[in-house]
Amino acid sequence: MNEPLKFKLFSVYGQILHKKVLEEAWQHVKKNKGCGGIDKISIKDFEKNSEEYLNKLLEELKNKEYKPSPVARKYIPKKNGKLRPLGIPTIKDRIVQQAVVNKLQPFFETNVFHDNSCGFRPNRDVELAIKKVLCRIEYGYLYVYDFDIKGYFDNIPHKKLMKVINKYISDGTVLDLIWKWLKAGYMEDSIRYEQTSGTQQGGVISPLLANIYLNELDWELHKNNLQFVRYADDSIVMCKSKEELAKAKEIVYEVLEKLGLEIAEDKTDEIDFHKDDFDFLNFTFKHLKMSKQGNIYYQIVPSEKSIKKFKSDMKSMIKKSNTYSFEKWKEVLNPVIRGKYNYFLISARACYEVRNKLIELGKQFHGYFYMDYTKLDGYVRHRLRVNFSCRGKKHGGQMQGKLLTVKYGNDFFIKDMGLVNGRYLLNLIFNPTMTIEEFVAMGKHKIHKKRYSIKKNNFFKYALAK
């Protein structure tokens, strides 16, 4: 809740002063990998002398001599072309933060956080957030307030954050630790800079602190009987009328102003789902339409930006100059393609589960997932054929790649090369026992039924002759 608790969390610091607790935290940090901080000690370096490091760290914590180091500042590109700053703590700091998170998280999950908060929480993910959105659409919440907080992680006021945390935690030593992490600063070009606001993106405890702070908004919306779905700082409020939408807008502005945060007006919108689409978590919810049979429906598709990102990533990875073997291409591409496809399929799984649940309740489901995997699979195959056309030659190109369509057909990439296929992954949602052989046979049957134009017939005759 966003009200002070009568029974706050206390004696947390004493719970982390055990070797087993630090070892558990260390295993979690090691599993998440990542590079070292400003002390240049990597995961591998720490692992070689982990026993010694952990004993020394435990001694520092017991004697209250532990002091966090500044984080190493790195930058990663954002979708809009700008750079996102990341703060990379030392392995030692990550272990202590993880130990504290392990003790705080269960308490906040049980007593504080709202059910509609889905990001950076155990057993909660993007799929759950999408399911919640689908359910609300089905129950008539068709007016959406889609708002974005300007630089949320970078702009959280430290004193206001600590005031919120004080409502739930009474352990002064842990509060002091959190304050020191917030004020540790960062190193860039061997110069230390102060951190006046924000939580370091990259810090182990940052997601928890960010959720604690926005929990204030969650419960304020709840008190006003407003339906919302939040994933970290990505939030939407779903309403049944324009009046509710105006009320939601007013409450969001009011609460964020109290929290010292600002709405990003250029990324904020009021949507009438009867006629407007909206994006959420890299998916586009296409507005209500009516079929020729008079049935109302809507679509959920991967956003245009995410499709463009998929193609640009494939283009940058599959270059003409890369003379890999088929096995090497499979090793390089499959993890990336599978990861992207599995994200796209989140909406398909969510639609499938919500539809089945509504049918159980005797209700109709109006949404459906759409994704033309054939085009995306074809794009990857075409890039590879262009690459293959350059082998043993000084040059290759688009036409030479097209001429390899017969030699390296779809079956070759799926069966012989073992390349991940999006259409097959989609079919597995509805038919989990389908084998790759059955999938290929099904594809051949469809191709056999398809009629080719004279132009296409002539092309394939020419390609086959080559």
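This text follows the structure it describes.
Definitions and cut-offs
Position labels on residues start from 1 in each chain and follow its written sequence. Per-residue local features of the predicted model are confined to residues with pLDDT of at least 70, and side-chain atom pairs are confined, for both listing and counting, to 80 or more; whole-chain, interface and lining totals are unaffected and use all residues. With hydrogens and water stripped out, all remaining heavy atoms of the structure feed into the side-chain values. Think of it this way: any DSSP run of H or I at least four residues long counts as a helix, any run of E at least two long counts as a strand, and we number them from the N terminus. By definition here, a helix of n residues has an expected span of 1.5 Å times n minus one. Exposure classes here rest on a 1.4 Å probe applied to the protein chains alone. A residue is buried below 20% of its type maximum, exposed above 50%, and partly exposed in between. Strand pairing is defined by DSSP finding a minimum of two bridges between the two strands. Whether two residues are in contact is decided by their heavy atoms: any pair within 4.5 Å suffices. Each Phe, Tyr or Trp ring (for Trp, its six-membered ring) is paired with any other whose centre lies within 6.5 Å, and the angle between the two planes then decides the class: stacked below 30 degrees, edge-to-face above 60, tilted in between. Note on geometry: a ring has a charge over it if NZ (lysine) or CZ (arginine) is within 6 Å of the ring centre and within 35 degrees of the ring normal. The term nonpolar core refers to a set of buried residues drawn from Ala, Val, Leu, Ile, Met, Phe, Trp, Tyr and Cys, joined through side-chain atoms within 4.5 Å. Working definition: the arc comes from the directions between the helix axis and the C-beta atoms, pointing outward to the latter. Think of a polar contact as two N or O atoms within 3.5 Å of one another; within protein, one of them needs to be a possible hydrogen donor and the other a possible acceptor, and neighboring residues in sequence only count if both atoms come from side chains. Working convention: axes come from line fits to C-alpha atoms, limited for helices to the stretch in contact. Angles between N-to-C directions cover 0 to 180 degrees. What makes a patch is a set of residues exposed beyond 30% relative accessible area and free of salt bridges, joined within 9 Å when like-charged and within 5 Å when nonpolar (Val, Leu, Ile, Met, Phe, Trp, Tyr). Here, Shrake-Rupley sampling with a 1.4 Å probe gives the accessible areas, and only protein chains in the shown set may cover a residue. Any Lys or Arg side-chain nitrogen found within 4 Å of a carboxyl oxygen on Asp or Glu counts as a salt bridge. Only four residue types enter the tally: Lys and Arg on the positive side, Asp and Glu on the negative side; His and the chain ends are excluded. Taken as the charge location is NZ of Lys, CZ of Arg, CG of Asp or CD of Glu. Crossings are assigned a handedness: left-handed for a near helix turned anticlockwise from the far helix by less than a right angle, right-handed for a clockwise turn. Under the scheme applied, nonpolar residues are Ala, Val, Leu, Ile, Met, Phe, Trp, Tyr, Cys and Pro; charged residues are Asp, Glu, Lys and Arg; polar residues are all the others, including Gly.

### Regarding helix H14 (residues 373-389)
In a regular helix each residue adds 1.5 Å, so 17 residues correspond to 24 Å; H14 covers 24 Å between its end C-alpha atoms and thus fits that length. Burial within H14 is extensive, with 13 of its 17 residues counted as buried.

### A few points about the pairing of strand E3 (residues 143-148)
Counting buried positions over the 6 residues of E3 gives 6, a clear majority of the element. Here E3 shows no split at all, with Tyr143, Tyr145 and Phe147 on one side and Val144, Asp146 and Asp148 on the other all buried. Bridge analysis of E3 against strand E7 (residues 234-239) gives 6 bridges, and the strand direction is antiparallel. Following the sheet pairing, tyrosine 143 is matched in E7 by cysteine 239.

### Observations concerning the environment of serine 69
Tracing the sequence through the fold places serine 69 in the loop between helix H3 (50-62) and strand E1 (71-77). Remark: the alpha-carbon pair of serine 69 and lysine 183, spanning 114 residues in sequence, is separated by 9.9 Å. Other than its neighbours up to four places away in sequence, serine 69 contacts Ile38, Thr90, Asp93 and Ala184.

### Concerning the packing of aromatic side chains
According to the stated counting rule, one finds 28 aromatic pairs in the structure shown. For the ring pair phenylalanine 278 and phenylalanine 285, a centre distance of 4.9 Å and an interplane angle of 5° mean the geometry is stacked. A ring pair is formed by tyrosine 424 and phenylalanine 439, whose centres lie 5.4 Å apart and whose planes are at 55°; its orientation type is tilted. Pair noted here: tyrosine 424 is in helix H17 (residues 422-430) and phenylalanine 439 is in helix H18 (residues 436-449), with a separation of 15 residues, a long-range link. Stacked on the ring of tyrosine 324, the Lys or Arg lysine 328 has its end atom at 6.0 Å from the ring centre.

### Quick look at the nonpolar core
Counting residues in hydrophobic clusters, the biggest one holds 69 residues, and the most contacted among them are Ile95 and Val237. Sort the elements by how many residues they give to this core and helix H4 (residues 91-111) lands first, with 9 residues. One finds Cys118, Met314, Tyr341 and Leu404 within the second-largest nonpolar core, a separate group that totals 58 residues.

### A few points about helix H8 (residues 172-182)
Among the residues of H8, those classed as buried are Val174, Leu175, Leu177, Ile178, Trp181 and Leu182. For H8, the angular spread of the buried residues around the axis is 155°, confining them to a single face. Contacts from the buried residues of H8 go to H4, helix H7 (158-165) and helix H9 (206-223). The N-capping residue of H8, defined by a side-chain oxygen 3.0 Å from the backbone nitrogen of threonine 173, is aspartate 171.

### Thoughts on the sheet that holds strand E10 (residues 283-290)
The 4 strands lie next to each other as E9-E10-E11-E12, forming an open sheet whose pairing is mixed. The open sheet has two free edges, formed respectively by strand E9 (278-280) and strand E12 (367-369), since each of these has just one partner strand. Neighbouring strand axes in the sheet, compared pairwise and without regard to direction, differ in orientation by 30° on average. By the bridge criterion, 3 bridges tie E9 to E10 in an arrangement that is antiparallel. Bridging across to E10, phenylalanine 278 finds its partner in phenylalanine 285.

### A look at a positive patch on the surface
A cluster of basic residues, Lys82, Arg84, Lys267 and Lys305, forms a positive patch at the surface. Its location among the elements puts lysine 305 in helix H11 (residues 304-317). On the accessibility criterion, lysine 305 (63% relative accessible area) is exposed.

### Details of the pairing of E10
Between the end of E9 and the start of E10, which pair antiparallel, lie 2 residues, with leucine 281 showing a positive phi angle near 55°. The hairpin turn running from E10 into strand E11 (residues 296-302), its antiparallel successor, is 5 residues long, and glycine 294 in that turn takes a positive phi close to 90°.

### Observations concerning the packing of H9 against helix H10 (residues 242-258)
Across the interface, H9 lies against H10 with an axial gap of 10 Å and an inter-helix angle of 150°. Pair H9 / H10 crosses with right-handed handedness. Within the contact between the two elements, H9 uses Leu214, Glu216, Leu217, Glu220 and Leu221 and H10 uses Ile251, Val252, Val255 and Leu256. Among the residues making up the contact of H9 with H10, the classes are represented as 7 nonpolar, no polar and 2 charged.

### Points about unusual backbone geometry
Trans peptide bonds make up most of the peptide bonds, and negative phi angles are found at most residues other than glycine. Unusually for a residue other than glycine, lysine 64 sits at a positive phi of about 55°. With respect to the helices and strands, the residue lysine 64 is situated in the loop between H3 and E1.

### Comments concerning the environment of tyrosine 343
Mapped onto the elements, tyrosine 343 comes out in helix H12 (residues 326-344). With a relative accessible area of 27%, tyrosine 343 lands in the partly exposed category. Setting aside residues no more than four positions away along its own chain, tyrosine 343 makes contact with Val126, Leu281, Asn282 and Phe283.

### Structural notes on the environment of threonine 173
With respect to the element layout, threonine 173 can be found in helix H8. Under the relative-accessibility criterion, threonine 173 is labelled partly exposed at 23%. For the pair threonine 173 and valine 301, spaced 128 residues apart in sequence, the C-alpha to C-alpha distance is 48 Å. Among the polar contacts listed, one links the side chain of threonine 173 to the side chain of lysine 64, at a separation of 3.4 Å.

### Quick look at the pattern of salt bridges
Tallying each qualifying case throughout the model produces 21 salt bridges. Lysine 92 is the partner of glutamate 60 in a salt bridge, and the nearest nitrogen-oxygen pair spans 3.5 Å. Taken together, the positions of glutamate 60 in helix H3 and lysine 92 in helix H4 put the pair 32 residues apart, joining distant regions of the chain. A relative accessible area of 16% places glutamate 60 in the buried class.

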